Amino acid sequence: HPFACFYSAVDIQRGAPGLALKIAEAQGVYEDQGWHVRKDGSSFFSMLSVAALRDGKGKLIGFSIVSRDLTETRFAELARGLFESFPDAILVVDAQSRIVQTNARVEAIFGYNRAELRDQRVELLIPELFARKHVNKITDLVAPPHALPMGVSLELFGQRKNKSEFPADITLSPMDSDRGAMVIAVVRDITESKQAAERIRKTNAELTALVDELQRRDHEMRALISMDDLLQSCTTQEEAYKVNGLA
């Protein structure tokens, strides 16, 4: 099979196989990490090493090709990158409610570094008033069979290292691992959205009060106008007294 069979049609079109052989011939070896193609046409991420083979006189007689499948490693790196860059805090908690792993956002939201949180019970991050009730939900999730559905959402308060509290939206999902059942907790600080909602509520309340006041004044004005019309229609003082009495 030609060497190009390791490459996709796009890579072949841009001359990648020929370039790899030229570099190997000139430098003795060529190494590249990238996506390559299996015999069945599927793609895999690998380390491709091409070494030039020469005879006793130094004449090029061919190339040796070694490919190492790094697909799982690559996907693990991608998953780790997504885990770390996720905009919400992510904690992995075991069946004993101990924190196994955290992402960078946990440090930003809660104020603890990773070393401080590792193997600590998750109650550390929840005010005592809520802790027992919601930790039980974690143990329910990891109990076989899972007692709660995937993606249980809770709205409660988180507790920072300095003991200050903040409103949080938390999503719990069970996960199986080589260490047993785990729970992934995704925590979002909703302080700003709560504050925005409160501002909207206050604005709506103020607008409602203003509308009520305008309606009251309009009703009073209409009553005064109606009384004025009645007074204008009176022909005697006695009729005017009667109108005032009705008012």
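Residues numbered from 1 in each chain as written. Predicted model: local features only at pLDDT ≥ 70, side-chain atom pairs only at ≥ 80, totals over all residues. Heavy atoms only, no water.

Enquirer: When you look at the overall build of the protein chain in this model, what are you seeing that I'm missing?
Expert: What the protein chain contains, in helices and strands, is eight helices and eight strands. Counting all 247 residues of the protein chain, 28% fall into the buried class. Excluding contacts between residues fewer than 6 apart, the proportion of contacts in the protein chain whose partners are at least 24 apart in sequence is 36%. Only carbon and sulfur atoms are counted for the fraction: they give 56% of the accessible area of the protein chain, which is about 16,300 Å². (Helix = DSSP H or I, 4+ residues; strand = E, 2+ residues; numbered from the N terminus. Buried < 20%, exposed > 50% of the residue type's maximum accessible area, 1.4 Å probe, protein only. Contact = heavy atoms within 4.5 Å. Areas by Shrake-Rupley, 256 points an atom, 1.4 Å probe, with all protein chains shown as cover.)

Enquirer: What should I look at first to understand the packing of aromatic side chains in this one?
Expert: Geometry of an aromatic ring pair is reported as the spacing of the ring centres plus the angle between the planes. The final tally for this structure, using the stated rule, is five aromatic pairs. The rings of Phe3, Phe6 and Tyr7 are connected pair by pair, giving a single aromatic cluster. The ring of Phe45 carries Arg74 above its face, with NZ or CZ at 5.0 Å from the centroid. (Phe/Tyr/Trp six-rings, centres within 6.5 Å; stacked < 30°, edge-to-face > 60°. Lys NZ or Arg CZ within 6 Å of the ring centre and 35° of its normal.)

Enquirer: I'm lost on helix H2 (residues 16-27) in this one. Help?
Expert: Because each turn of an α-helix spans 3.6 residues, side chains separated by three or four positions in sequence point in the same direction. Helix length check: H2 (twelve residues) gives 16 Å between terminal C-alpha atoms against 16 Å at 1.5 Å per residue, within 8%. Within the sequence span of H2, burial applies to Ala16, Pro17, Ala20 and Ala24. All buried residues of H2 lie within an arc of 105 degrees about the axis, which places them on one face of the element. Summarising the geometry of H2, the exposed residues directed more than 90 degrees from the buried face are Lys22 and Ala26. On its buried face, H2 sits against helix H1 (9-13), strand S1 (29-37), strand S2 (43-54) and strand S3 (60-69). Backbone geometry just after H2 places Gly28 at a positive phi near 100 degrees. (Expected span 1.5 Å × (residues − 1). Arc of directions from axis to C-beta.)

Enquirer: What exactly am I supposed to notice about unusual backbone geometry here?
Expert: For Ser97, which is not glycine, the phi dihedral falls at a positive 65 degrees. Structurally, Ser97 is set in the loop between strand S4 (89-94) and strand S5 (99-102). You will see that Asp119, though not glycine, has its phi angle at about 70 degrees, which is positive. The residue Asp119 is located in the loop between helix H5 (114-117) and helix H6 (128-142) in this model. A residue is classified by how much of its surface remains accessible, and Asp119, at 46% relative accessible area, is partly exposed.

Enquirer: Teacher, can you tell me more about the pattern of salt bridges here?
Expert: When the charged atoms of two side chains lie near each other, side chains of opposite charge can form a pair. On inspection of all chains with the given rule, the structure shows eleven salt bridges. Note that Glu84 is salt-bridged to Arg114, the shortest N-O span being 2.6 Å. Taken as a pair, Glu84 in helix H3 (residues 71-85) and Arg114 in helix H5 lie far apart in primary sequence, 30 residues in all. Among the residues examined, Glu84 registers a relative accessible area of 22% and is labelled partly exposed. Using a relative accessible area of 28% as the deciding quantity, one classes Arg114 as partly exposed. Sharing partners across several salt bridges, the network here consists of Arg80, Glu84, Glu107 and Arg114. (Salt bridge = Lys/Arg side-chain N within 4 Å of Asp/Glu carboxyl O.)

Enquirer: Even after reading the chapter, I still don't get the nonpolar core, so can you show me in this structure?
Expert: Nonpolar side chains in soluble globular proteins tend to be buried together. Membership of the largest hydrophobic core comes to 21 residues, with the highest contact counts inside it found for Leu91, Phe110, Leu125, Ile170 and Val187. Among the elements of the structure, S4, helix H4 (104-110), strand S6 (152-159), strand S7 (165-177) and strand S8 (180-189) are those that each provide at least two residues to this core. If near-sequence neighbours (up to four positions away) are discounted, Leu125 is found in contact with Leu91, Ile99, Phe110, Tyr112, Leu117, Phe157, Gly158 and Gln159. Of all hydrophobic cores here, the second largest spans eight residues; its members include Tyr7, Ala24, Tyr30 and Leu48. (Core = buried A, V, L, I, M, F, W, Y, C linked by side-chain atoms within 4.5 Å.)

Enquirer: Help me out: how do you make sense of the pairing of S1 in this one?
Expert: The side chains of a regular strand alternate, residue by residue, between the two faces of the sheet. The pairing of S1 with S2 spans nine bridges and is antiparallel. Following the sheet pairing, Val37 is matched in S2 by Ser43. Linking two consecutive strands that pair antiparallel, namely S1 and S2, is a turn of five residues; a positive phi of about 90 degrees is found at Gly41 within it. (Pairing = 2+ DSSP bridges.)

Enquirer: Where do I start with the sheet that holds S3 in this structure?
Expert: Within a sheet, each strand pairs with its neighbour through backbone hydrogen bonds, oriented either parallel or antiparallel. If you trace the three strands from one edge of the open sheet to the other, you get S1-S2-S3, paired in antiparallel fashion. The open sheet terminates on both sides in strands that have one partner only, identified here as S1 and S3. Each strand of the sheet is rotated relative to its neighbour by a mean of 25 degrees, with strand direction disregarded. For S2 and S3, the ladder comprises nine bridges, and the chain directions are antiparallel. (Axes fitted to C-alpha atoms, helices over the stretch in contact; angles between N-to-C directions.)

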